[in-house]
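Tertiary structure, described
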Amino acid sequence: RNKKKLVENVIQTEGRISKTVHDVIANDIYQIMTKLQIEKNSKAEILDDLDIVYNKARDISRNNFVIDDSIEYSEIIGDLLNSYESMELRLITNGLKKIDWSRLTIHKRNMLYRVLKELLTNMTKYSKASLVTIVFEEKGNGVFIKYKDNGVGCDFVKKNGLVNAENRIKSVGGAITFESEPNNGFLCKIKL
């Protein structure tokens, strides 16, 4: 029964990825091919369009990323966090390299990666934050992560992304809480 369920999950995931690639990438490439046939678009415009498609493909890849167990997990998370830092956003981490990540199963590490990505993506889209702090800490048998940003905050309502984050953490036996108020940033605490 477990093997059948696993196979069904793989088939569903592959179908979702295939649909996303078709809807997001293939249609954009076809549009670029059409622009090339018309020949009134400049090389710079075509390169800009290709850059956009490349970024979309990279995002799809990152969304379906599976942790490579041969790479140090703190490096993988560090790369993820660094990809969000910009001139407008300062991202500070504390304790990331002090955690013994091998204590967590690969499944837990995958879920944490996706949840941190969701938090950072939401921050980029909605919060207008200029500062994000993420603190990693080991206490007893658990790993604790505290995410905080200084963004605009919100009247807290869990939408798809945060519901997915909550479900991911709960699926691996962890706990997650969210706190936010208008003009008072966003706080998330995770225990694994």
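Keep in mind that what you see is a predicted model, and the values were worked out from it rather than measured.

1. With respect to helix H3 (residues 73-82)
Within H3, seven of the 10 residues are buried, which leaves the element mostly enclosed by the surrounding structure. Restricting attention to buried positions, one finds in H3 the residues Tyr73, Ser74, Ile76, Ile77, Gly78, Leu80 and Leu81. In this fold, the buried residues of H3 make contact with strand E1 (90-94), helix H4 (106-127) and strand E2 (131-139).

2. Things to note about the packing of aromatic side chains
In total, this model carries four aromatic pairs according to the counting rule given. Ring centres of tryptophan 101 and phenylalanine 136 lie 5.9 Å apart, and the angle between their planes is 80 degrees; this geometry places the pair in the edge-to-face category. Here tryptophan 101 is found in the loop between E1 and H4, whereas its partner phenylalanine 136 is found in strand E2, with 35 residues between them in sequence. A relative accessible area of 2% means that tryptophan 101 is categorised as buried. Summarising the aromatic geometry, the rings of tyrosine 147 and phenylalanine 186 are spaced 6.2 Å apart at their centres and angled 65 degrees between planes, so their arrangement reads as edge-to-face.

3. Considerations on the pattern of salt bridges
Evaluated as defined, the whole model comprises three salt bridges. Notably, a salt bridge pairs arginine 103 with glutamate 138, separated by 2.5 Å at the nearest N-O pair. With arginine 103 in the loop between E1 and H4 and glutamate 138 in strand E2, this residue pair connects regions lying 35 residues apart in the sequence. Exposure remark for glutamate 138: the relative accessible area of 30% places this residue in the partly exposed category. Here glutamate 137 makes a salt bridge to lysine 139, at a shortest N to O gap of 3.9 Å. You can call glutamate 137 partly exposed: its relative accessible area is 38%. Note on lysine 139: relative accessible area 46%, which makes it partly exposed.

Scoring rules and cut-offs
Residues numbered from 1 in each chain as written. Predicted model: local features only at pLDDT ≥ 70, side-chain atom pairs only at ≥ 80, totals over all residues. Heavy atoms only, no water. Buried < 20%, exposed > 50% of the residue type's maximum accessible area, 1.4 Å probe, protein only. Helix = DSSP H or I, 4+ residues; strand = E, 2+ residues; numbered from the N terminus. Contact = heavy atoms within 4.5 Å. Phe/Tyr/Trp six-rings, centres within 6.5 Å; stacked < 30°, edge-to-face > 60°. Salt bridge = Lys/Arg side-chain N within 4 Å of Asp/Glu carboxyl O.

Note that all results are geometric; they support no functional claim without further evidence.
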